[in-house]
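Chain residues, written in single-letter form:
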Amino acid sequence: MKRLVLLLIGLSLLAAACREQPVSRDDVFLVMDSLEHKFDWLGYRLQQETWEIYSTGQSDSLDFYQGLLRYTVADPNLLRTFRQGRLWVTENEDVRRLDLLEAALMRAQVEVAEPVASLHDSLVQIDVTFRAPFDGQNRTQNYLYRTYRSDPDRSRREAAFRAYHRIGDLLADGLARLIRLRNREAAKFGQQNYFSLLFSQQGFDEARYLATLDQLDSLSLEPYRRILANAGEKLGSGPVEIWDLAFAYADINRRGDAYFPADRQFSQIARSLEALGYDLDKLPIYFDLQPRSDKTQLAYAVPLRPPHDVRVLANVTDGYLSARTLMHEIGHALHFAHIRQERQLFVDCVSEAWTEGMAQIFASLLDDPQWLVQYAGMTPETAAEFLRARAEQEIIYLRTTLMRLRWEYEAYRNPDQDFNTLYWDLFARYLLLPRHDDIRPWATIIQYTTHPVYLHNYLYADMIASQTLASLHTVYGPLIDNPSLRSFLNQNYFRFGARYDWRDLLERGTGQRLDQNYLIRRLCIEPPAAAF
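Because the structure is predicted, anything quoted here is derived from the model rather than measured. Note on numbering: residues in each chain are counted from 1, in written sequence order. Local features are withheld for residues below a pLDDT of 70 in this predicted model, meaning they are given only at 70 or higher, and side-chain atom pairs are given and counted only at 80 or more; totals for whole chains, interfaces and linings count all residues. Only heavy atoms go into the side-chain values, all of them from the structure, while hydrogens and water stay out.

Engineer: Honestly, the nonpolar core in this entry has me stumped. Any pointers?
Structural biologist: If you look at soluble globular proteins, the nonpolar side chains tend to sit buried side by side. The biggest cluster of nonpolar side chains holds 176 residues, and the ones touching the most others in it are Leu-273, Trp-371 and Trp-407. Starting at the N terminus, helices and strands are each numbered in turn, a helix being any DSSP run of H or I of at least four residues and a strand any DSSP run of E of at least two. Top element by residues in this core is helix H19 (residues 380-413). It accounts for 14 residues. Contact partners of Trp-371, with chain neighbours within four places excluded, come to Phe-260, Gln-268, Ile-269, Ser-272, Met-327, Leu-365, Leu-366, Ala-376 and Ile-480. Residues enter a nonpolar core if they are buried and are Ala, Val, Leu, Ile, Met, Phe, Trp, Tyr or Cys, with the set joined through side-chain atoms within 4.5 Å. Type-normalised accessible area, obtained with a 1.4 Å probe on protein chains alone, sets the label of each residue: buried when under 20%, exposed when over 50%, and partly exposed for intermediate values. Residues count as neighbours in contact if any of their non-hydrogen atoms are within 4.5 Å of one another.

Engineer: Just checking my understanding: could you explain unusual backbone geometry for this structure?
Structural biologist: Most peptide bonds take the trans form, and the phi angle of most residues other than glycine is negative. Each neighbour pair has its own omega, and for Pro-306 with Pro-307 the value is 5°, a cis peptide bond. Relative to the helices and strands, Pro-307 is located in the loop between strand S4 (300-305) and strand S5 (309-313). Phi at Leu-432 takes a positive value of approximately 55°, unusual for a residue other than glycine. A positive phi angle, close to 60°, is found at Cys-524, a residue other than glycine. With respect to the secondary-structure elements, Cys-524 resides in the segment after helix H25 (517-522).

Engineer: It is not clear to me how the sheet that holds strand S3 (residues 285-288) should be interpreted in this structure. Could you clarify?
Structural biologist: Pairs of strands are assigned from DSSP output, requiring at least two bridges between the strands. Ordered by their spatial adjacency, 3 strands build an open sheet running S3-S5-S4, and the pairing between neighbours is mixed. With one partner strand each, in any of the chains shown, S3 and S4 form the two edges of the open sheet. Here the average twist between neighbouring strands, direction ignored, is 20°. Pairing geometry for S3 and S5, over 4 bridges, is parallel. Across the sheet, the residue bridging to Asp-288 is Leu-313, located in S5. Axes here refer to lines fitted to C-alpha atoms; in helices the fit is confined to the stretch in contact. Angles between the N-to-C directions go from 0 to 180 degrees. Relative to S4, helix H2 (residues 25-56) is tilted by about 140°, and along the sheet it contacts S3, S4 and S5.

Engineer: Help me out: how do you make sense of the pattern of salt bridges in this one?
Structural biologist: Pairing is possible between side chains of opposite charge, provided their charged atoms come close. Put simply, a salt bridge is a Lys or Arg side-chain nitrogen that is within 4 Å of an Asp or Glu carboxyl oxygen. Here the structure, examined in full by the defined rule, presents 43 salt bridges. Lys-295 is paired through a salt bridge with Asp-288; the nearest N and O atoms lie 2.9 Å apart. The exposure class of Lys-295 is buried, given its relative accessible area of 0%. Take Asp-288: its relative accessible area is 13%, and that puts it in the buried class. Members of the salt-bridge network, linked through shared partners, are Asp-33, Glu-36, Glu-93, Asp-94, Arg-97 and Arg-343.

Engineer: Help me out: how do you make sense of H2 in this one?
Structural biologist: Structurally, the α-helix is built with 3.6 residues per turn, so residues lying three or four positions apart point the same way. Between its first and last C-alpha, H2 extends 46 Å over 32 residues, near the 46 Å set by a 1.5 Å rise per residue. Positive backbone phi, approximately 85°, marks Gly-57, located one or two places after H2. Multiplying 1.5 Å by the residue count of a helix minus one yields the expected span of that helix.

Engineer: Would you mind going over the pairing of S5 with me for this structure?
Structural biologist: Each regular strand displays side chains that alternate between the two surfaces of the sheet. When you tally the buried positions in S5, you get 4 out of 5 residues, the bulk of the element. One ladder, built from 4 bridges, connects S4 with S5; its direction is antiparallel. Directly across from Ala-301, in S5, lies its bridge partner Val-312. Counted along the chain from S4 to the antiparallel partner S5, the turn is 3 residues long.

Engineer: Looking at this model, I keep getting lost on helix H18 (residues 369-376). Mind explaining?
Structural biologist: The complete set of buried residues in H18 reads Trp-371, Leu-372, Tyr-375 and Ala-376. One side of H18 holds all its buried residues, which, seen down the axis, span an arc of 100°. We call two N or O atoms a polar contact when they sit within 3.5 Å, provided that within protein one can donate a hydrogen and the other can accept it, with sequence-adjacent residues counted only if both atoms are side-chain atoms. Between the side-chain oxygen at the start of H18 and the backbone nitrogen of Gln-370 there is a gap of 2.8 Å, and the oxygen is on Asp-368. Backbone geometry just downstream of H18 places Gly-377 in the positive-phi region, at approximately 90°. Taken from the helix axis, the directions to the C-beta atoms give the arc we talk about.

Limitation: the analysis is restricted to geometry and does not speak to function.
Pasting the structure below:
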């Protein structure tokens, strides 16, 4: 601790000196080295506290370490040193370091600003501990989610849907304030809003992003209309409601879920990974998989000290979606555990889109009929029927994702609008279902609070996974039980961490820059071929 305090004092003195004279080469490299060391140490401590909050619902030292981080990044001359000192940074590795440090510095200055951090932490505490009353008991979100998607009683499905989103009433006002506070902090960097700040840091182009959303909207609209029409015919009980949509697939989902009892999911996944060459018993990955009342209801991979200490937290329940979520988080963990970089900065600062893409590569294995037959024990006929239903539900998921992405973009662009009206307007546009303006589902989406400007990474992750798997199928053939998949990922993707931009790694691995058409083909929403 004494060493850290001395380093903090030294960094402050250096920044003060930079106010009085031009930035020299020594200045910028000293600040880079010092800040890299501090981010390393504080990142580890903050990950420890994050694990405590998610696994126990409380943390003794989070405020203390956030305070240290706030002090570390508070001086605006740190950013001035980086920007004026760029002319001295010419080596590729140092340029990459500077890019990562500058982005981390700006993000930290927003997220640990006192009003932002304290409001964020209070909302997280509510999310971790809240259990909505339903049927005379306080229920988990997983229970309510399963009920509103599968219960044969329509009124009970509606009641479960409303209970699932009741936490939104507790979080809505705080989330609205949080968005405005983040925008206020982002304005200090000359950005229009926090979305634009993070998007530019991640190397995404807003116009191209919005064009991609519009393209996916256009291509998926007619397939989705057919899905709605089929659901209406199948249910035959008036207009389809949001709590009816998943129930249209309840029978096949129930039959598929029977192959994924909670007590078998880990072994199913572990055996399939071992056939690829990943022995979970021999890797530094630690698991907390049982639901508890004081534990977050979501799932996370926490890279506590990668590649040496990676932890997976989940709430395993019966069913396919639980197994797929677990495989996704284990995919994160495998990625973190196989990074091979000397600089911890290149281990800790991996792009969110890239690490989500790595997780989706593994989650996608559960959509392979060979995996379902070999490891879940389905018959080939059941697997085929199950995957046909999954393909339709993927279209529903895509439309829901487009709605949520648009909501976050518009919320940061105009934080003074009525967020509930915005949500239900977008809901009607993308899902074509009746509105229920008395519910606030947007505030239930906890990523808006805990991981702002993050959800788009799941869309890019599906693009990355679709492109990578298509390429690997072409080169290696079937991937289930194929050790070539492990060799490829470790050698071409995992080991590099954040040393290189993820787009370059994708091109290295597949021979192409990112191309959304692989996802479009996987979802079977290509436009019809032109007639000649």
